[in-house]
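If you want the building blocks of each chain, they are given just below.
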Amino acid sequence: MARWCYRHRLVVLLLWVGALLGLGFSASAAGTNYANVFSLPDTDSKSAYDLMEKAFPNTSGDTDTVVWKVDRGSVRDQAVRSRIAPALDRIAKMPGVGAVTSPYAGKQGAAQISGDGRIAYAQLTFAKRANEVPKDLVQNVMDTAQDARKSGLHVELGGQAIQRVQEPPQGLSEMVGIVAAAVVLFLAFGSFFAMMLPIAIAVFGVGMGLFSTQLLSHTTDIPDIAPLLASLIGLGVGIDYALFIVTRHRRGILRGLDPEESAVTALNTSGRAVLFAGGTVCIALAGMLVTRLRFLDGVVIGTSLTVVLSVMAATTLLPALLGFLGPRVLSRRQRRKLAAEGPEPERASGLAARWSTNVEKRPRRIAALALVVMAVLAIPVLSLRLGATDQGNDDAKTTTRKAYDLLAEGFGPGFNGPLQVVSESGDTATLVKGLESTPGVARVAALPPAQGVTVIQVVPKTSPQSKETDHLIDTLRDEVIPKAGANAHVGGVTAVSKDFASVTGDRLPLFIATIIGLGFLLLLIAFRSLVVPLTAALMNLIAAAASFGVLVAVFQWGWGLDLLGLGKEGPINAFLPVIMLSLLFGLSMDYQVFLVSRMHEEWVHTRDNARAVRVGLAETSRVINSAALIMVCVFLAFVLSGDSGAAMAGVGLAAAVALDAFVLRTALVPAAMHLLGDANWWLPAWLEKRLPHLAVEPGEEAEPEPGEGPASVVHGFIRTADGEPVDGASVTLLSQGGRRLDRVTSLADGSYIVSVPAPGTYLLATSATSYGSRAAQVEVTDGPLVYDVELAEGEVDAVN
């Protein structure tokens, strides 16, 4: 497939461009129809909502608030009324505004003025839901209300529709993420064309994913946070997947391969790992479905579709683009060096090789240090509290936060999150008295009954996000309502958030077990090992604990919130653990697959665990760290999105990816694999026979039999660069397919001799604990072959 795409590159490019433009045109013509559907069956707040819908079916439009405060005097003063009342009248006449409830409209409006007379509010109801209200209309409402301001008179607005207008321009976070990724890629590649390849793949994958999700929003319920999360994960994996393939392709050209053969080889090795990694991400995302929270179904659809399209772009469009570039995928300096000096030898050197050798020498010390770092970062997770963010968590400079604070100042902290006790039978008067006498309740007001249903508004004394409000809800449900003998339920946004957090917390263990189990099964089939998937599962849990620790420290404890401009601390969004764990487990599995697939490739050839781990880490650590740095930039850019959920997910995932790549995959995992030795690749024989075969690495070519003739030997000396003999070096002779034929240890004078079954081409792998390792092809003819090997410290040859 890679060869076909490379040779028919113009056709492939035109098909992708046509598909992107076609989907974009269709999506823009159809518009958006995102819907936030919180379906919490068998919860008290859902029962309250169903009763309210039955009694008040026409309360659909979004309700926002205009709040004003005077520094001196009262809001009832004529000077204030003469500015506010005309503004409210103009707002009420705007097309799309259903009604405006003013505090100046008779006795009923008196409740909308604070006790000291300095703060008042008006409620305005739009004809549509917040996400359907045109932004121009909302902006007109804001401008009209704020024009009434003067010295000593403050006017602010709050509500969902208002919040949408004050968000940064759509696409800003994506653009910042792409620019940051481009800088990292240019530093890594040193070539403008090579830098543009991963960016182009990500743009195609994310663009088509977002357009497809937008079209699907007309046929199924997709929440408005889904496209934001889809672009977040799509940009990360799209750039990363292309980066892995392009890195392998560039290495192939530098080692003397023709550009077409190099592209085919890159797709047949790294491309397979990309396909497998993309599958693990989608499976981890699909794990959200076991929570049976309808809100998350649309998130699964949007994010999985974007990942699938990013994988398709990396495996079909990328080889076509590589065909257009040819050798220009290298920098000018690399092309000049290749022309002057010829192909590079197959060896990993420099910092990556030195670090790999260091991990092999000190695995216990490095593993212990990495574990201590992760454990310290995980400590805050012990105080994790799930809930919901509201406009009280917005940045202090925003009008929504100012309106929230003014309402809390004038009418009490609980005013921003009233509870609704919905009763359909029983003694309502007794229930109201019971509610009024309950500790923690500030005000109680019963609305006129409709169709046998009575709604009682209960304003707590504490804020919607406080633990005391949670305890109050439990008290009302468990004690007050049963004591009054009423058939009533506690609803409202605050109660829904509490129930959502409870349901999520109850289903989290099943969800974690599902995605860990599926990931374990995939790695078991791919790497034919029990220990590798067990290690991966354990590392994923460690990464999750540490990343949630960072999240709690930042968003719940407030460390660095002012620096990031993210408003006020509060509980962690209840839906975030499920979404974040899905993405984290998928991305962690990516790095595990890329790291271990290279180790497994080496293990299959040499059956030397120390060498396999050393070579795998030396060859992949640099690209994994570059990929992680790109993802961190992309995820942190979503702090600019203006959406608190996306900002939390961005910070959490940035921390998770950084810890996973820089601590776990480059330190703890290889150190643990060195300590475990050959046990890494252990699989019971009975299980080996029953497992299906799923190759992450390309299959071996049919191995030619060595030519007929007499048996022979390869012999020589193992020496250092200074000519000193190396005692105890391991020398292994392998067939071209990786089958071990003989293995010996060098003597005190450095000499060795291995048996050769017949003339032919073989692989000779040499390694010593205190030195590097070498692997080279040797051609044996009729007689014995003399072959001396020189070992140098900090240098690792790769078997390819």
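Residues numbered from 1 in each chain as written. Predicted model: local features only at pLDDT ≥ 70, side-chain atom pairs only at ≥ 80, totals over all residues. Heavy atoms only, no water.

Caption draft 1: Region of the structure containing the overall build of the chain. Helix and strand counts for the chain stand at 24 helices and 20 strands. Referenced to the eigenvectors of the C-alpha coordinate spread, the extents of the chain come out at roughly 110 × 55 × 45 Å. Looking at the chain residue by residue over its 800 residues, the buried ones come to 55%. The contacts in the chain between residues at least 6 apart in sequence include a share of 77% that link residues at least 24 apart. When the accessible area of the chain is evaluated, it comes to approximately 33600 Å², of which 58% is carbon and sulfur surface. Between the mean site of the 66 positive side-chain charges and the mean site of the 72 negative ones, the chain shows a separation of 5 Å. (Helix = DSSP H or I, 4+ residues; strand = E, 2+ residues; numbered from the N terminus. Buried < 20%, exposed > 50% of the residue type's maximum accessible area, 1.4 Å probe, protein only. Contact = heavy atoms within 4.5 Å. Areas by Shrake-Rupley, 256 points an atom, 1.4 Å probe, with all protein chains shown as cover. Lys, Arg positive; Asp, Glu negative; His and termini not counted. Charge placed at Lys NZ, Arg CZ, Asp CG, Glu CD.)

Caption draft 2: Structural detail: the pairing of strand β13 (residues 730–734). Counting buried residues along β13, 5 of its 5 residues qualify, which places the element largely inside the surrounding structure. Side chains of β13 alternate between two faces, with S730, T732 and L734 and V731 and L733 buried alike. Inspection of the sheet shows β13 paired to strand β14 (residues 740–745) by 5 bridges, in the antiparallel sense. Within β14, the position partnered with L733 by the bridge is D742. As defined by bridge partners, β13 adjoins strand β16 (residues 760–767) across 5 bridges and the pair is classed as antiparallel. Opposite T732, over in β16, you have A765 as the bridge partner. (Pairing = 2+ DSSP bridges.)

Caption draft 3: Broad picture of the confidence of the model for the chain. Overall, the predicted model of the chain reaches an average pLDDT of 84, with 92% of residues at or above 70. Within the chain, helix α14 (residues 363–378) carries the highest mean pLDDT (94), whereas strand β20 (residues 796–797) carries the lowest (52). Here residues 700–707 is modelled with pLDDT under 50, and outside its nearest four sequence neighbours on either side it reaches 14 contacts, counting other chains as well. (pLDDT = per-residue confidence, 0-100.)

Caption draft 4: Looking closely at the side chain of D608. Turning to its location among the elements, D608 is positioned in the loop between α21 (576–606) and α22 (609–637). This buried residue, D608, is left without a salt bridge; R743 holds the nearest opposite charge, at 4.1 Å. Polar side-chain contacts of D608 include one of 3.4 Å to the side chain of S767. If we ignore the near neighbours within four places in the chain, the residues touching D608 are W603, R743 and S767. (Salt bridge = Lys/Arg side-chain N within 4 Å of Asp/Glu carboxyl O. Polar contact = N/O pair within 3.5 Å; in protein donor to acceptor, adjacent residues only side chain to side chain.)

Caption draft 5: The arrangement of a positive patch on the surface in detail. On the surface, a cluster of positive charge is made up of R332, R333, R336 and K337. Residue position: R336 is located in helix α12 (residues 332–341). Judged by relative accessible area, which is 55%, R336 ranks as exposed. (Patch = residues over 30% accessible without salt bridge, like charges linked within 9 Å, V, L, I, M, F, W, Y side chains within 5 Å.)

Caption draft 6: Representation of the nonpolar core. Core analysis: the biggest nonpolar cluster contains 156 residues, and Y241, M288, F555, Y591 and F635 have the highest contact counts within it. With 18 residues, the single largest contributor to this core is helix α23 (residues 644–676). Leave out the neighbours within four places in its chain, and F555 touches L561, L566, E569, G570, I572, A647, M648 and V651. Listed in part, the 30 residues of the second largest apolar core include V75, A87, V155 and L157. (Core = buried A, V, L, I, M, F, W, Y, C linked by side-chain atoms within 4.5 Å.)

Caption draft 7: Representation of the sheet that holds strand β1 (residues 63–70). Taking strand neighbours across the sheet as the criterion, the 4 strands line up as β2-β3-β1-β4 in an open arrangement whose pairing is antiparallel. The open sheet has two edge strands with one neighbour each: β2 (97–101) and β4 (153–158). Across the sheet, the mean angle separating the axes of adjacent strands is 20 degrees when strand polarity is ignored. Of the pairings in the sheet, the one linking β1 to strand β3 (residues 119–126) comprises 7 bridges and is antiparallel in character. Bridging from a neighbouring strand, D64 pairs with L124 of β3. Each of β1, β2, β3 and β4 touches helix α4 (residues 78–92); the most contacted strand, β2, lies at about 155 degrees to it. Contacts from helix α5 (residues 135–146) reach β1, β2, β3 and β4 within the one sheet, and its direction differs from that of β4 by about 160 degrees. (Axes fitted to C-alpha atoms, helices over the stretch in contact; angles between N-to-C directions.)

Caption draft 8: Here's a closer look at the packing of aromatic side chains. Evaluation of the coordinates by the stated rule reveals 8 aromatic pairs. With a centroid separation of 5.6 Å and an interplanar angle of 15 degrees, the aromatic rings of W603 and W681 are classed as stacked. With a gap of 78 residues between them, W603 in helix α21 and W681 in the loop between α23 and α24 (685–690) connect regions that are remote in the sequence. The same class applies to W603 and to W681, which are both buried. Members of the aromatic cluster, joined through ring pairs, are Y121, F411 and F415. Over the face of the ring belonging to F193 we find R328, whose NZ or CZ atom lies 5.4 Å from the ring centre. Between the NZ or CZ atom of R719 and the centre of the ring of F717, over which it lies, the distance is 4.6 Å. (Phe/Tyr/Trp six-rings, centres within 6.5 Å; stacked < 30°, edge-to-face > 60°. Lys NZ or Arg CZ within 6 Å of the ring centre and 35° of its normal.)

Caption draft 9: The state of the cysteines, seen in detail. Within the structure shown, the criterion is met by 0 disulfides. No disulfide involves C282; its nearest neighbouring cysteine sulfur is the one of C5, lying 20 Å away. Classification of C282 as buried rests on a relative accessible area of 17%. (Disulfide = S-S within 2.5 Å.)

Caption draft 10: Here's a closer look at unusual backbone geometry. Of note, R528 is a non-glycine position whose phi angle comes to about 50 degrees, a positive value. Assignment of secondary structure puts R528 in the loop between α18 (493–527) and α19 (531–556). Judged by relative accessible area, which is 13%, R528 ranks as buried.

Caption draft 11: Inspection of the sheet that holds strand β9 (residues 454–460) at higher detail. Read across the sheet, 4 strands follow the order β8-β9-β7-β10 without closing on themselves; strand pairing throughout is antiparallel. A single partner strand is all that each edge strand has here, and the edge strands are β8 (441–446) and β10 (487–491). When strand polarity is set aside, the average angle formed by the axes of neighbouring strands in this sheet is 20 degrees. Strand direction decides the pairing type here: β8 and β9, joined by 5 bridges, are antiparallel. The residue of β9 that forms the bridge with V444 is V458. Each of β7 (419–425), β8, β9 and β10 is contacted by helix α17 (residues 467–484), which is oriented at about 175 degrees to β10, the strand it contacts most.

Caption draft 12: Expanded view of the pattern of salt bridges. In the structure shown here, the tally under the stated rule is 15 salt bridges. Two residues, E261 and R3, come together in a salt bridge whose shortest N-O distance is 2.9 Å. Taken together, the positions of E261 in helix α10 (residues 259–286) and R3 in helix α1 (residues 2–7) put the pair 258 residues apart, joining distant regions of the chain. Overall, E261 belongs to the partly exposed group, its relative accessible area being 34%. A residue is classified by how much of its surface remains accessible, and R3, at 28% relative accessible area, is partly exposed. Beyond isolated ion pairs, a larger network of salt bridges with shared partners links R3, R7, E260 and E261.

Caption draft 13: Representation of a nonpolar patch on the surface. Judged by side-chain polarity, M175, V179, V183 and L187 come together as a nonpolar surface patch covering roughly 420 Å² of accessible area. With respect to the secondary-structure elements, M175 resides in helix α7 (residues 172–189).

Caption draft 14: Structural detail: helix α16 (residues 428–436). When α16 is considered as a whole, its buried residues turn out to be L431, V432 and L435. Buried residues of α16, viewed axially, fall in a sector of 100 degrees; they line one side. Of the surrounding elements, those touching the buried residues of α16 are β7, β8, β9, α17 and β10. (Arc of directions from axis to C-beta.)

Caption draft 15: Local environment of the packing of helix α9 (residues 226–254) against α10. As a packed pair, α9 and α10 sit with axes 8 Å apart at the nearest point and diverge in direction by 155 degrees. When the axis of α9 is compared with that of α10, the two are roughly antiparallel. Considering only the axes of α9 and α10, their crossing is right-handed. Two secondary-structure elements touch here, α9 through Y241, F244, I245, R248, H249, G252 and I253 and α10 through P259, S262, A263, A266, L267, T269, S270, G271, V274, A277, G278 and V281. (Parallel < 35°, antiparallel > 145°, perpendicular 65-115°, else oblique. Left-handed = near helix turned anticlockwise from the far one by under 90°.)

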